[in-house]
Amino acid sequence: MTLLTINITDGYSRNFTFIYRNYLQHMLDTIDNEVKPCENFFEHACGNFGKGTQTLDNFEDFEELSQLIEYEEIPPFLYNRQDRFKFFVNNRHEFRTKNGIILNDLYDLCKTAENLNQRHLWYRLLNEIPFLASDRGWLMKWPFLRFQWLEFRSELNLDWILLAAEFAAHGFNSFLEVFFVENTVFVGPNENINCPNLEEITNDLKPLLYRERHIQIAYIIANELRTFCRQLNGEISSSMEIGTIETDTELFKQQILDKYFQRYFLSMNFSDINLENSRKVTIRLRRLNEIFIILQATDDRIIYNFILWHMMRQLHITDCFNLIENFEDLLIAEYWNWHIFEPQINRDVALAMYLFHTTRFQKYRRKILLSNQWDRFLSTKLERKDFNIERSIKYYARDYLNPDNISTIYESFDTRTFTFYSLLLRIKCLHMRSSFFKPYMDAEDVNNSHYFLKEFLHFSILILYRPLIHYYATMAYDMWLQSSLLYQTDTFYIVYDCLQRQRALQLYANENDEKLYEIVFEEQVKDIYKFYASFIAILDDYRFWLEGENFSITEDFILEYFKLDSSRIMFYAVAQQYCNRNDHLFNRIINRSFMNMPEFHEAFNCSDDAAMNPQFKCMTNISPYQ
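Thresholds applied
- Residues numbered from 1 in each chain as written.
- Predicted model: local features only at pLDDT ≥ 70, side-chain atom pairs only at ≥ 80, totals over all residues.
- Heavy atoms only, no water.
- Helix = DSSP H or I, 4+ residues; strand = E, 2+ residues; numbered from the N terminus.
- Buried < 20%, exposed > 50% of the residue type's maximum accessible area, 1.4 Å probe, protein only.
- Contact = heavy atoms within 4.5 Å.
- Areas by Shrake-Rupley, 256 points an atom, 1.4 Å probe, with all protein chains shown as cover.
- pLDDT = per-residue confidence, 0-100.
- Pairing = 2+ DSSP bridges.
- Axes fitted to C-alpha atoms, helices over the stretch in contact; angles between N-to-C directions.
- Parallel < 35°, antiparallel > 145°, perpendicular 65-115°, else oblique.
- Nonpolar A, V, L, I, M, F, W, Y, C, P; charged D, E, K, R; others polar.
- Core = buried A, V, L, I, M, F, W, Y, C linked by side-chain atoms within 4.5 Å.
- Phe/Tyr/Trp six-rings, centres within 6.5 Å; stacked < 30°, edge-to-face > 60°.
- Lys NZ or Arg CZ within 6 Å of the ring centre and 35° of its normal.
- Disulfide = S-S within 2.5 Å.
- 1 Å grid on protein atoms, 1.4 Å probe; cavity = no way out; pocket = protein on both sides within 12 Å on 5 of 7 lines; lining within 4 Å.
- Points joined across faces, edges and corners; volume = space filled by probe spheres on them.
- Salt bridge = Lys/Arg side-chain N within 4 Å of Asp/Glu carboxyl O.
- Left-handed = near helix turned anticlockwise from the far one by under 90°.
- Expected span 1.5 Å × (residues − 1).
- Arc of directions from axis to C-beta.
- Polar contact = N/O pair within 3.5 Å; in protein donor to acceptor, adjacent residues only side chain to side chain.

What to know about the overall build of the protein
Now for step 1: Counting its regular elements, the protein contains 33 helices and 3 strands.
Now for step 2: Residue burial in the protein is summarised as follows: out of 626 residues, 54% are buried.
Now for step 3: Pairs at least 24 residues apart make up 78% of the contacts formed inside the protein by residues separated by at least 6 positions.
Now for step 4: When the accessible surface of the protein is totalled, it reaches about 29900 Å², and 47% of it is carbon and sulfur.

Let's talk about the confidence of the model for the protein
Now for step 1: On average, residues of the protein score 77 in pLDDT, and 73% of them reach the 70 mark or higher.
Now for step 2: Counting interchain partners and residues more than four positions distant, the pLDDT-below-50 stretch residues 382-386 has 3 contacts.
Now for step 3: pLDDT under 50 marks residues 468-481. Its contacts with residues more than four places away, or in other chains, come to 55 contacts.

What about the sheet that holds strand β2 (residues 184-189)?
Now for step 1: Pairing is mixed across the open sheet formed by 3 strands, whose spatial order is β1-β2-β3. The open sheet has two free edges, formed respectively by β1 (176-180) and β3 (279-282), since each of these has just one partner strand. Shown here is a sheet whose adjacent strand axes are inclined to one another by a mean of 20°, direction ignored.
Now for step 2: The sheet contact formed by β2 and β3 spans 4 bridges and is parallel. Within β3, the position partnered with Val187 by the bridge is Thr282.
Now for step 3: Across the face of the sheet, helix α13 (residues 249-268) comes into contact with β1 and β2 while running at roughly 40° to β1.

Digging into the packing of helix α11 (residues 216-232) against helix α15 (residues 285-297)
Now for step 1: Running from N to C, α11 and α15 cross one another at 155°; their axes reach a closest spacing of 10 Å. Classified by the angle their axes make, α11 and α15 are roughly antiparallel. Only Arg287, Ile291, Ile294 and Leu295 of α15 make contact with α11, whose side of the interface consists of Phe228, Gln231 and Leu232.
Now for step 2: Looking at the contact of α11 with α15, its residues break down into 5 nonpolar, 1 polar and 1 charged.

Looking at the nonpolar core
Now for step 1: Core analysis: the largest hydrophobic core is formed by 181 residues, its most contacted members being Phe41, Phe167, Phe175 and Tyr264.
Now for step 2: Element by element, the count of residues in this core is highest for helix α29 (residues 522-548), at 11 residues.
Now for step 3: Ignoring sequence-local partners within four residues, the contact set of Tyr264 consists of Ala165, Ala168, Ala169, Val178, Phe180 and Met432.

A closer look at the packing of aromatic side chains
Now for step 1: In this structure the tally under the stated criterion is 51 aromatic pairs.
Now for step 2: Plain terms: the ring middles of Phe88 and Phe321 are 5.8 Å apart, the flat faces sit at 45° to each other, and that makes the pair tilted. Pair noted here: Phe88 is in helix α3 (residues 79-91) and Phe321 is in helix α17 (residues 320-325), with a separation of 233 residues, a long-range link.
Now for step 3: A relative accessible area of 2% places Phe321 in the buried class.
Now for step 4: Among the aromatic side chains, those forming a connected cluster through ring pairs are Phe85, Phe87, Phe88, Phe95, Tyr107, Phe321, Tyr335, Trp336, Trp338, Phe341 and Phe456.
Now for step 5: Residue placement shows Arg347 over the ring face of Trp336; its charged tip is 4.0 Å from the ring centre.
Now for step 6: Geometry around Phe172 places Lys428 over its ring, the cationic atom sitting 5.1 Å from the centre.

Quick look at the state of the cysteines
A disulfide bridge is the covalent bond that connects two cysteines by way of their sulfur atoms.
Now for step 1: Enumeration over the complete set of coordinates arrives at 5 disulfides.
Now for step 2: The partner cysteine of Cys46 in its disulfide is Cys579, sulfur to sulfur 2.0 Å. Disulfide Cys46-Cys579: the torsion about the S-S bond is -75°, which places it as left-handed. Within this pair, whereas Cys46 is found in helix α2 (residues 41-46), its partner Cys579 is found in the loop between α31 (566-577) and α32 (583-594), the two being separated by 533 residues in sequence.
Now for step 3: The class of Cys579 is buried, set by a relative accessible area of 1%.
Now for step 4: Across the disulfide, Cys110 is cross-linked to Cys320 (sulfur-sulfur distance 2.2 Å). Residues Cys110 and Cys320 are joined by a disulfide whose S-S torsion is about -90°; by sign, that bridge is left-handed.

Things to note about empty space enclosed by the protein
Now for step 1: Evaluation of the coordinates by the stated rule reveals 5 cavities of 30 Å³ or more.
Now for step 2: There is about 90 Å³ of room inside the largest cavity.
Now for step 3: Considering the residues around the largest cavity, the lining is formed by Arg84, Phe88, Phe321, Glu325, Glu328, Leu331, Ile332, Tyr335, His458 and Ile461.
Now for step 4: Listed by contribution, the elements that provide at least two residues to the lining of the largest cavity are α3, α17, α18 (328-336) and α25 (449-465).
Now for step 5: Its residues assigned to classes, the lining of the largest cavity shows 6 nonpolar, 1 polar and 3 charged.

Topic: the pattern of salt bridges
Pairs can form between side chains of opposite charge whenever their charged atoms are close.
Now for step 1: Applying the stated rule across the entire model yields 17 salt bridges.
Now for step 2: The partner of Arg230 in a salt bridge is Glu235, and the shortest N-O contact between them spans 3.0 Å.
Now for step 3: A relative accessible area of 26% means that Arg230 is categorised as partly exposed.

Points about the packing of helix α4 (residues 98-113) against helix α24 (residues 420-435)
Now for step 1: Packing of α4 against α24 brings their axes to within 9 Å, and their N-to-C directions diverge by 140°. Regarding the angle of α4 to α24, the classification is oblique. Taken as a pair, α4 and α24 cross one another with a handedness that is left-handed. Residue-level inspection shows Ile102, Leu103, Asp105, Leu106, Leu109, Cys110 and Ala113 of α4 in contact with α24, the latter providing Phe420, Tyr421, Leu423, Leu424 and Ile427.

Description of helix α22 (residues 389-400)
Now for step 1: The end-to-end C-alpha distance of α22, which contains 12 residues, comes to 16 Å, matching closely the 16 Å that a straight helix rising 1.5 Å per residue would cover.
Now for step 2: Within α22 the residues assigned to the buried category are Ile389, Ser392, Ile393, Tyr396 and Ala397. All buried residues of α22 project into a common sector of 130° when viewed along the axis, lining one side.

Some points on the side chain of Asn591
Now for step 1: Structurally, Asn591 is set in helix α32.
Now for step 2: Accessibility expressed as a relative area gives 0% for Asn591, which makes it buried.
Now for step 3: Within polar-contact distance, the side chain of Asn591 engages the side chain of Asn40 at 2.9 Å.
Now for step 4: Among the polar contacts made by the side chain of Asn591, one reaches the side chain of Asn587 at a distance of 2.7 Å.
Now for step 5: Leave out the neighbours within four places in its chain, and Asn591 touches Asn40, Phe41, Phe42, Leu516, Phe586 and Met612.

Description of the environment of Arg84
Now for step 1: For Arg84, the location among the structural elements is in helix α3.
Now for step 2: With 237 residues separating them along the chain, Arg84 and Phe321 place their C-alpha atoms 9.6 Å apart.

In structure tokens form, the structure reads like this:
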């Protein structure tokens, strides 16, 4: 079995067809033919999950295929992210680019700091962060009460402005948010400050108190920090304090900004020419002014305490892969160089597979398919060279993922000389600095090459690491989760009433269907409706793709080889995403959704008296274009 429309070398063609054949075989092995699809589809589709066998046919590079059924502890809906995490962990030591090696070392160092308690975390921060280590002896006595602040301030330059600027220059903002887009500096208020409850803040501070310090200190300072934090978030008013301010707020604001940005740009290592030629844009000015009024009304000691506490919470890492995802563009650059994929699959083959499994027009089509603009739209798109996904991905990679350009940014790195927090702050600083010289890219913009590149690389990992799943199904949960139709109409009440009446009528006709037609409650109805609406949209996309894409003939050719067809493959693919994942929940959602779909009855030739083909049906009037 070969792919007729993909021009590739014989060796990689064999690898490709091996992958495709094996995950379709997994699909068939999972099916329990003893259970008829029209009687209980979820049990039919998932009945042999974990029992099927796999023949590797001398393809030793795919040892992980034999370990596919080892995900019982994975929470539902983490499939794709969990696969990316495991792929990264298993392959990171094979990274070859400079940025890939840095991410590998950062992850290794992070594991030594993961889940540190507050006391040990604070000690490590003081030892590893250079601008804190210089005052380590004094900061060991933090958090500061008023008398300590007055004592230390006479001997140290405890300036909260410089401290906030230093942290911000290394990627951790306090009051201001500063970001760059190609020679432009945007400045605005930081609106991502999380204010935990008083107990959490107190628990953060308690472990830092020496034995001779009374526990009450933690309660006093925690109350100050929470009050100040809520003022910054606009949760409570500070009008009493503000009413006592006599100095000019604009003068105070300018003095703060001058000192802040002098230290900030110095730490970012910008040249005078960089700054002179750049645009400075202030955003959300009204909110920014409110924050400066609050700062002016607050004691310097409280602000200094707040910055240290806020940074400590931000630097408390509990999931190292979450940290790596913050540098996803560096990870994508490493993956695009294809070093770790080479033993399994050629890049051109993977790209052909991605195009083979992607309905390129789906997001556009939903908006204008029913309008008279469709023909003109489609014709215009096909004439545009940049609509060629393969070409646009390669152009983007050539211009923005050039390993030489990226390595230049990090060429001074020798990760062996860094501890975890010093490396983290340094890489975040350089990561921010590099954005000053690049145009902005919206990773979620479907008109953007970066969007397709990210989807392609995630697909490549999925196709190698979890070949059990047919790729069409992988976008299903995103669409399900994002579906807002239910909250925009009165459909909920209609569907809820319909499903309840359907149960009563079916049980009256056949009492043996009680398990299949169990009672559904309000939250369960929401889940069923969302799943139904998203599946109909996906199924429609798939049919549209079959009708219009050049690769569709190959799809039917492969499926016929496995005695499958394109009308049934989607039902199996989506159901098998959820096999052995909260079976009781998904049995209900999938069966109650599919039994109400005429498309399901047509695909599986369900008889009029089949349990999955009730005479009274719900939701058949739902359109994905609402």
